[in-house]
Amino acid sequence: MNRLGDVELDARGMRALAHPVRLAMLNRLREGGPSTATRLAPQVGTSPSVASWHLRHLAEHGLVEDDPDHGSGRSRWWRAAGRGFRFEVDPSDPAAAAELSDALEIAGGDPVADWVAKTRPDLELEWLAVASRRNTGLVVTREELRELDDQIEQLIAPLANRDPDDAPADARRVRLLLHLLPSTNVHPA
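What you see is a predicted model, and the numbers here were worked out from it, not measured in a lab.

Okay, the sheet that holds strand E3 (residues 64-66) next. Spatially, 3 strands are ordered E2-E4-E3 in an open sheet, and the strand pairing comes out antiparallel. In the strand order of this sheet, the two ends are held by strand E2 (35-36) and E3, each with one partner. Note: E2 against strand E4 (residues 77-80), 2 bridges, orientation antiparallel. Note on E4: the bridge partner recorded for Thr36 is Trp77.

Written as structure tokens, this is what we have:
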């Protein structure tokens with residue numbers, strides 16, 4: 001794991017998570033907290049036995065784990081592991097990252113449009129004033145882009161890792177969407 005507590009995926013893990021049912025199950029566990037295969041199955045459109053198989057597959061890649069605070073008897077409770085996940089293109093298997101990226105795009109929908117339609121109309125002006133969006137073009141080298149990404153991670157790590165119980169009373173969940181999208185154009189010298 002890294003300073004944000006994300007599970008780092010290899011090519012096999014990327015392919016495992018790229019399955020739509022597994023991705024949906026992980027999202028449900030992240031958003032709704034611990035659950036069982038039986039409870040998750042109808043939410044992701046599968047049977048409890050298939051859900052159980054998918055959960056075990058996610059566990060093999062460190063994405064979910066048994067929840068020690070739940071479960072007794074025959075019920076096996078699962079929770080999402082880490083705070084999130086991350087992956088990089090594996091030069092020996094670049095297709096794995098592309099498969100997961102495509103699955104994330106399909107499953108993710110348009111979170112900005114959803115926020116605009118569902119949250120913004122009811123958001124207090126004080127919070128609306130601090131909501132922001134950036135679309136900035138940069139001219140950087142690969143090394144500079146890696147350093148920028150690292151600096152951003154250092155900056156947000158204390159907030160991302162803060163226990164919600166330790167947050168100030170007026171704190172809220174905030175979604176940070178960050179895309180570092182290099183172009184195919186080389187900046188002329």
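Within the largest apolar cluster, 27 residues are counted, with the highest numbers of intra-cluster contacts made by Leu9, Leu17, Met25, Leu29, Leu55, Leu63 and Val64. If you list the elements that add at least two residues to this core, you get strand E1 (6-9), helix H1 (11-17), helix H2 (20-32), helix H3 (37-44), helix H4 (48-60), E4 and helix H5 (94-108). Among the elements that make up this core, the one with the highest residue count is H2 (5 residues). Not counting chain neighbours up to four residues away, the residues in contact with Leu63 comprise Val7, Leu9, Leu17, Leu26, Leu58, Arg79, Ala80, Ala81 and Phe85.

Looking at where Ala41 falls in the secondary structure, it is placed in helix H3. C-alpha of Ala41 to C-alpha of Asn161: the two residues are 120 residues apart in sequence and 30 Å apart in space. Look past the residues within four positions of Ala41 in its chain and what remains in contact with it is Thr46, Ser47, Pro48 and Ala51.

Here the focus is a nonpolar patch on the surface. A cluster of nonpolar side chains, contributed by Leu176, Leu178 and Leu180, occupies part of the molecular surface with about 260 Å² of accessible area. On the secondary structure map, Leu180 appears in the segment after helix H8 (142-160). The partly exposed category is assigned to Leu180, whose relative accessible area is 30%.

Glancing now at H4. Look at H4: 18 Å from first C-alpha to last across 13 residues, which is about the 18 Å you get at 1.5 Å a residue. For H4, the full list of buried residues reads Ala51, His54, Leu55, His57 and Leu58. Projection of H4 onto a plane perpendicular to its axis shows the buried side chains occupying an angular sector of 160 degrees, all on one side. Among the exposed residues of H4, those oriented more than 90 degrees off its buried face are Ser49 and Glu60. In this structure, the buried residues of H4 make contact with H1, H2, H3, E3 and E4. Just downstream of H4, Gly62 is the residue with a positive phi angle, here 75 degrees.

Moving on, we come to the pattern of salt bridges. Inspection of the entire model under this criterion finds 10 salt bridges. The partner of Asp93 in a salt bridge is Arg15, and the shortest N-O contact between them spans 2.4 Å. Placement of the pair is Asp93 in the loop between strand E5 (84-87) and H5 and Arg15 in helix H1, with a sequence separation of 78 residues. Salt-bridge contacts for Glu65 lead to Arg79; the nearest nitrogen and oxygen are separated by 2.8 Å. One end of the pair, Glu65, is in strand E3; the other, Arg79, is in strand E4, and 14 residues separate them in sequence. Look at Arg79 and you get partly exposed, because its relative accessible area is 28%. Through salt bridges with shared partners, a single ionic network connects Arg3, Asp6, Arg86, Asp150 and Glu153.

The N-to-C vectors of H2 and H3 enclose an angle of 120 degrees; their axes lie 10 Å apart at closest approach. The element H2 and its partner H3 pack so that their crossing is right-handed. Each of Val21, Ala24, Met25, Arg28 and Leu29 in H2 lies in contact with H3, whose residues at this interface are Leu40, Gln43 and Val44. Its residues placed into classes, the contact of H2 with H3 shows 6 nonpolar, 1 polar and 1 charged.

Cut-offs applied
- Residues numbered from 1 in each chain as written.
- Predicted model: local features only at pLDDT ≥ 70, side-chain atom pairs only at ≥ 80, totals over all residues.
- Heavy atoms only, no water.
- Pairing = 2+ DSSP bridges.
- Helix = DSSP H or I, 4+ residues; strand = E, 2+ residues; numbered from the N terminus.
- Core = buried A, V, L, I, M, F, W, Y, C linked by side-chain atoms within 4.5 Å.
- Buried < 20%, exposed > 50% of the residue type's maximum accessible area, 1.4 Å probe, protein only.
- Contact = heavy atoms within 4.5 Å.
- Patch = residues over 30% accessible without salt bridge, like charges linked within 9 Å, V, L, I, M, F, W, Y side chains within 5 Å.
- Areas by Shrake-Rupley, 256 points an atom, 1.4 Å probe, with all protein chains shown as cover.
- Salt bridge = Lys/Arg side-chain N within 4 Å of Asp/Glu carboxyl O.
- Expected span 1.5 Å × (residues − 1).
- Arc of directions from axis to C-beta.
- Axes fitted to C-alpha atoms, helices over the stretch in contact; angles between N-to-C directions.
- Left-handed = near helix turned anticlockwise from the far one by under 90°.
- Nonpolar A, V, L, I, M, F, W, Y, C, P; charged D, E, K, R; others polar.

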